[in-house]
Structure formats: structure tokens, C-alpha cells
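Chain by chain, the residues:
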Amino acid sequence: MAKILSVKLVSIPEVIIVNDSNNDFTIDAKIEFHELDLQLKMEYCLHLFVYEVHGQLDAPLIVSNWDESRVVSISQDRKDEYLGRETKMIVATLKKQSYEIPMSLNLGKLTNRSSHFSKKIEVFATMTPAIGRASKWSLPFESKIVF
């Protein structure tokens, strides 16, 4: 099983202009692989979820399904605002590897939940192995109730 050593935002703009077009930045992820990962040249899908955090960090519930994985937030106080995601397929070839993943998001878009003075942006990283658990919710179904 691989281990995510660190996830860092790199080259994010210090000033974000309201209603500006997409802002480019980079996420640096450092990963350490287990010996079995290396022997099997194990494949993983690295998922990066970007949030504007409001107050306490929301607890993540991960619904992993290879490249469709998603995070459902369990709010502690004020619900964090989901800004976007990026995925990267990776293969274990070295004991420790660094990945620079470019992203582009419209960080200047304001909503009712946005802070109008500053943004506290954080990235949640999770990896889904090629051999492992898979999960998926059904599509919603509605039925009418007749009395």
C-alpha cells in the first residue's frame, strides 16, 4: 500500500481578482511506495480535490471507484466549498516519487458561501489502487406516493 507523504500547493497566485478567468497553479504530491507496490508495478489513480475551507475542516468520506472516486464532506460547522478536482494515473516504479500536477480553476468566482476578503484553499489527496475496494451510489429514483 502506498503512502502519501505530502501534498503542497505550488505557484498559487497571492492575489485573486474577482471574476478573473482561470487561475493556473500546481500541486506537488510526494508518494512513497511499499515493496510489494514496486514488485507488482502497482497502478494507482491519484485524486486531488480542491476546497475553499470555511472554519473547521470538513471530514471526508471517500467513495472510491478507480478513476471515478469522489469525496462526500461531513461538515463540522460551515460547509467547505468544492472548487474542482484533478486525477493522475501513476505506476509504482521508484520507492519515493514526486508528481507535479498542473491545475486551472476559476478562483475569483464568488458565491454566497465564499469569503469576500481572502481564500483559504486546501487540497485533499487520496489514491485508489488498481486492486482494491470499489464503491458507487445508484442514481436517484423517485416514486410517487398515493393515498
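About the thresholds
All residue numbers refer to position in the chain's written sequence, counted from 1. Local features are withheld for residues below a pLDDT of 70 in this predicted model, meaning they are given only at 70 or higher, and side-chain atom pairs are given and counted only at 80 or more; totals for whole chains, interfaces and linings count all residues. Excluding hydrogens and water, the side-chain figures rest on all heavy atoms present in the structure. Helical segments are the DSSP runs of H or I of at least four residues, strand segments are the runs of E of at least two, and each set is numbered from the N terminus. Partly exposed residues are those whose accessible area sits between 20% and 50% of the maximum for their type, while under 20% is buried and over 50% is exposed, using a 1.4 Å probe and protein chains only. One number per residue, pLDDT, summarises how confident the predictor is, and it ranges from 0 to 100. To qualify as a nonpolar core, a set must consist of buried Ala, Val, Leu, Ile, Met, Phe, Trp, Tyr and Cys residues joined through side-chain atoms within 4.5 Å. Throughout, a contact is declared for two residues whenever any of their heavy atoms are within 4.5 Å. Note on pairing: DSSP must find at least two bridges between two strands before they are called paired. Each axis is a line fitted through C-alpha atoms, taken for helices only over the stretch in contact, and angles between the N-to-C directions span 0 to 180 degrees.

Here we come to the environment of glutamate 122. Here glutamate 122 lies in strand β8 (residues 121-129). Overall, the relative accessible area of 29% leaves glutamate 122 in the partly exposed class. As for glutamate 122 and leucine 48, which are separated by 74 residues in sequence, their C-alpha atoms are 10.0 Å apart.

Time to look at the confidence of the model for the protein chain. Regions with low pLDDT carry predicted coordinates that are not meant to be interpreted in detail. Chain-level statistics for the protein chain give a pLDDT mean of 84 and a share of 86% at 70 or above. For the protein chain, strand β5 (residues 70-74) is the element with the lowest average pLDDT, namely 80, and helix α1 (residues 35-40) is the one with the highest, namely 94.

Across soluble globular proteins, nonpolar side chains have a tendency to be buried as a group. Core analysis: the largest hydrophobic core is formed by 22 residues, its most contacted members being Ile31, Phe33, Leu46, Ile90 and Met127. For this core, the secondary-structure elements that each account for two or more residues are β2 (23-32), β3 (43-52), β7 (96-105) and β8. In this view, leucine 46 contacts Ala29, Ile31, Glu86, Thr87, Lys88, Ile90, Ile101, Ala125, Thr126 and Met127; residues no more than four positions away in its chain are not counted.

So, on to the sheet that holds β2. If you trace the three strands from one edge of the open sheet to the other, you get β1-β2-β7, paired in antiparallel fashion. Strand pairing shows two members of the sheet lacking a second neighbour, β1 (3-10) and β7, which therefore form its edges. Strand-to-strand twist of the sheet, defined as the mean angle between neighbouring strand axes without regard to direction, takes the value 20°. Note that β1 and β2 share seven bridges and pair antiparallel. Counted as the bridge partner of lysine 8 is aspartate 28 from β2.

All right, on to the pairing of β5 then. Because side chains alternate across β5, one face comprises the buried residues Val71 and Ser73, and the other comprises Arg70, Val72 and Ile74, none of which is buried. Pairing analysis gives five bridges linking strand β4 (residues 59-63) to β5, with the strands arranged antiparallel. The residue bridging valine 63 from the neighbouring strand is arginine 70, located in β5. Connecting β4 to the next strand, β5, in antiparallel fashion are six residues, including tryptophan 66 with a positive phi near 55°.

Mapped onto the elements, lysine 41 comes out in the loop between α1 and β3. With relative accessibility at 57%, the residue lysine 41 sits in the exposed group. Spatially, the C-alpha atom of lysine 41 lies 9.3 Å from that of leucine 94, the residues being 53 residues apart in sequence. Once residues lying within four places of it in the same chain are set aside, the contact partners of lysine 41 are Val91 and Ala92.

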